[in-house]
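Here are the chains, one letter per residue:
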Amino acid sequence: MIAWKDTYMRLCRPEEQKLYKHLLHCVQVESPPQLIERFRSLFVDGISYPNAEILTALDEIADSKLADQEFKYVLNRCCHILINRWQIQPQLQAAIPELVALFESRPAGMGIYSPRYRSIRRLHELLKLFTESEQYLTLRRLSHAISHPTTDGSGDGKSHLGMLIRRYPYLYEHCLLSEDSTYEHQQAIRQMQAKAQRQFEIDLSQYVTYQVRQSQQRVQNHGVSVKPLIAPVKNPTLLSDRELFSGIKQYSGKVEGSYTYRDLAQSFLTHSSHTPCFGTFKDELYSYLVSSIDPAYGKRQFNNRLYNHLQNILPHNDSQPFNEFLLLRTCSHLLNFLVVDSRQQPQHFVFIDLISNTGINFTIGLLLKIVLICRKVKPYLEKRFSILFNHYEGCGTDGVKWLIQSLENLNVALSIHFGAVDLSYLKQLRQV
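Analysis parameters
Residues numbered from 1 in each chain as written. Predicted model: local features only at pLDDT ≥ 70, side-chain atom pairs only at ≥ 80, totals over all residues. Heavy atoms only, no water. Helix = DSSP H or I, 4+ residues; strand = E, 2+ residues; numbered from the N terminus. Buried < 20%, exposed > 50% of the residue type's maximum accessible area, 1.4 Å probe, protein only. Contact = heavy atoms within 4.5 Å. Areas by Shrake-Rupley, 256 points an atom, 1.4 Å probe, with all protein chains shown as cover. Core = buried A, V, L, I, M, F, W, Y, C linked by side-chain atoms within 4.5 Å. pLDDT = per-residue confidence, 0-100. Phe/Tyr/Trp six-rings, centres within 6.5 Å; stacked < 30°, edge-to-face > 60°. Lys NZ or Arg CZ within 6 Å of the ring centre and 35° of its normal. Salt bridge = Lys/Arg side-chain N within 4 Å of Asp/Glu carboxyl O. Polar contact = N/O pair within 3.5 Å; in protein donor to acceptor, adjacent residues only side chain to side chain. Expected span 1.5 Å × (residues − 1).

Some points on the overall build of the protein chain
The helix and strand tally for the protein chain stands at 18 helices and two strands. Split into buried and exposed, the 432 residues of the protein chain put 53% on the buried side. In the protein chain, the share of contacts with a sequence separation of at least 24, taken over all contacts with a separation of at least 6, comes to 74%. Taken as a whole, the protein chain presents about 21,300 Å² of accessible surface, with 52% of it coming from carbon and sulfur.

This is the structure in structure tokens:
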């Protein structure tokens, strides 16, 4: 569970309360087009507004000594007064990207002879600061997540990574919520995440079922291609058919002898329950992880770096009894090392090196081994990938194909092990 700062619960000045109350009334009686035009007039242009009392309240907020730091929170809350109402009504959700797009438009003329010239200029300065804030970036990601699939630009060579956010429900809580997100918005995002995840799992299951039936039909017709007996089902990922099935077989099939990742994790947990101390556990964890690493690659440098990293995790606890808290802390530290450390220090050389030398499937499999022995660390893994997503979200998709393939494979792996999708019948598939 993510802990959010209650920044939005700070003491609201009377002029803020007046502004919120006004918008709460408007959202109940006006249509989205009317509200968007109202927003443009009040916040983007700022030249005139039919309610002089509200315009005066906005000017007072903008003139505050703390406006440079706090206006972003005020404007974000105003946006969410509209968004929270539209988000629970599917027929109105299309208005959300239109609202967010307002902040990308140029304000109307300054009106240099207006007695409000100074206030208008100040509002435009604050608006620019808002578009550079985390609050605005979060709104823009929400816009991409809500947009229709055909607008994500995937595969057109001109899109940027941020436009693909809707494809990865496991990133929603980390990318679509900001520090001042209200409880209502947090709940809406979690519902949106559950719905998107459920739909992906359904689409994936239907696609695999279709491919299995196609394979069976080819066998029955001695390898001769014939017209499909059922309607074709589209691959729900951005992976090729072969890449997708390679991933599914990796995450659900046998990976070490007759053992699946789930078997290996269960065996390790059973054995570690008898581990005498934390130091011994780290040695056993090292062996558990490197068994998946190509020896030729591991012996060059990776294995030593992994071992040293493990030894440096809470070394003062090495002689202490092993417990769940130490398991959680160890797995969290490992994900920092293997994926990315933090938003402030987004170095991810180890992750790049792993996928370059062992392949994306094996790299995601290595991360899966960690999450399967400590399921509580799953949100932490998702957070690591949200850091990478945010770091590259402005990049063109052609330049970050490695990350897109990683995100897609992680979506498949998490769906198999933590979702409701059943791909046990994959063994019936002989070839794709």
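What follows picks up the thread again.
Notes on the nonpolar core
Most often, soluble globular proteins have nonpolar side chains that are buried together. Membership of the largest hydrophobic core comes to 124 residues, with the highest contact counts inside it found for Phe39, Phe302, Leu338 and Phe385. Among the elements that take part in this core, helix H4 (residues 67–87) stands out by supplying ten residues, more than any other. Look past the residues within four positions of phenylalanine 385 in its chain and what remains in contact with it is Tyr170, Leu171, Val339, Phe351, Ile364, Leu367, Ser406, Leu407 and Leu410.

Thoughts on the confidence of the model for the protein chain
Low-pLDDT portions of the prediction should not be read for the details of their coordinates. Mean pLDDT for the protein chain: 88, with 88% of residues reaching 70 or above. pLDDT under 50 marks residues 1–8. Its contacts with residues more than four places away, or in other chains, come to 20 contacts.

Observations concerning the environment of serine 291
Assignment of secondary structure puts serine 291 in the loop between helix H12 (278–290) and helix H13 (295–311). The exposure class assigned to serine 291 is partly exposed, which follows from its relative accessible area of 38%. Considering only alpha carbons, one finds serine 291 and leucine 366, 75 residues apart in sequence, at a separation of 9.7 Å.

Description of the packing of aromatic side chains
For the structure shown, the criterion picks out 16 aromatic pairs. Each residue in the set Phe268, Phe278, Phe281, Tyr288 and Phe322 is aromatic and connected to the rest through ring pairs, giving one cluster. The ring of phenylalanine 418 has lysine 378 lying over it, and the distance from NZ or CZ to the ring centre is 5.6 Å. Just above the ring of tyrosine 380 sits the side chain of arginine 384; from NZ or CZ to the centre is 4.2 Å.

Brief notes about the pattern of salt bridges
Applying the stated criterion across every chain, the model contains 19 salt bridges. The closest approach of N and O atoms between glutamate 134 and arginine 141, which form a salt bridge, is 3.1 Å. For arginine 141, a relative accessible area of 2% corresponds to the buried category. Among the ionic pairs, arginine 190 bridges to glutamate 173, the shortest N-O distance being 3.3 Å. Taken together, the positions of arginine 190 in helix H9 (residues 183–220) and glutamate 173 in helix H8 (residues 172–175) put the pair 17 residues apart, joining distant regions of the chain. Judged by its relative accessible area of 15%, glutamate 173 is buried. A single salt-bridge network, built from bridges that share partners, covers Arg13, Glu15, Glu16 and Glu70.

Overview of the side chain of glutamate 408
Mapped onto the secondary structure, glutamate 408 falls in helix H18 (residues 401–418). Given the relative accessible area of 1%, glutamate 408 is considered buried. Only 2.8 Å separates the side chain of glutamate 408 from the side chain of tyrosine 168, close enough to count as a polar contact. Every residue in contact with glutamate 408, bar those within four places of it in the chain, is listed here: Arg167, Tyr168, Thr237, Leu238 and Leu239.

Structural notes on H12
Along its 13 residues, H12 runs 19 Å from first to last C-alpha, staying within 8% of the 18 Å computed at 1.5 Å per residue. Judged by how many residues are buried, H12 sits mostly within the fold: ten of 13 residues are covered. For H12, the set of buried residues is Phe278, Gly279, Phe281, Lys282, Glu284, Leu285, Tyr286, Tyr288, Leu289 and Val290. If you follow the buried residues of H12, they end up packed against helix H11 (261–272), H13, helix H14 (324–338) and helix H16 (360–373).

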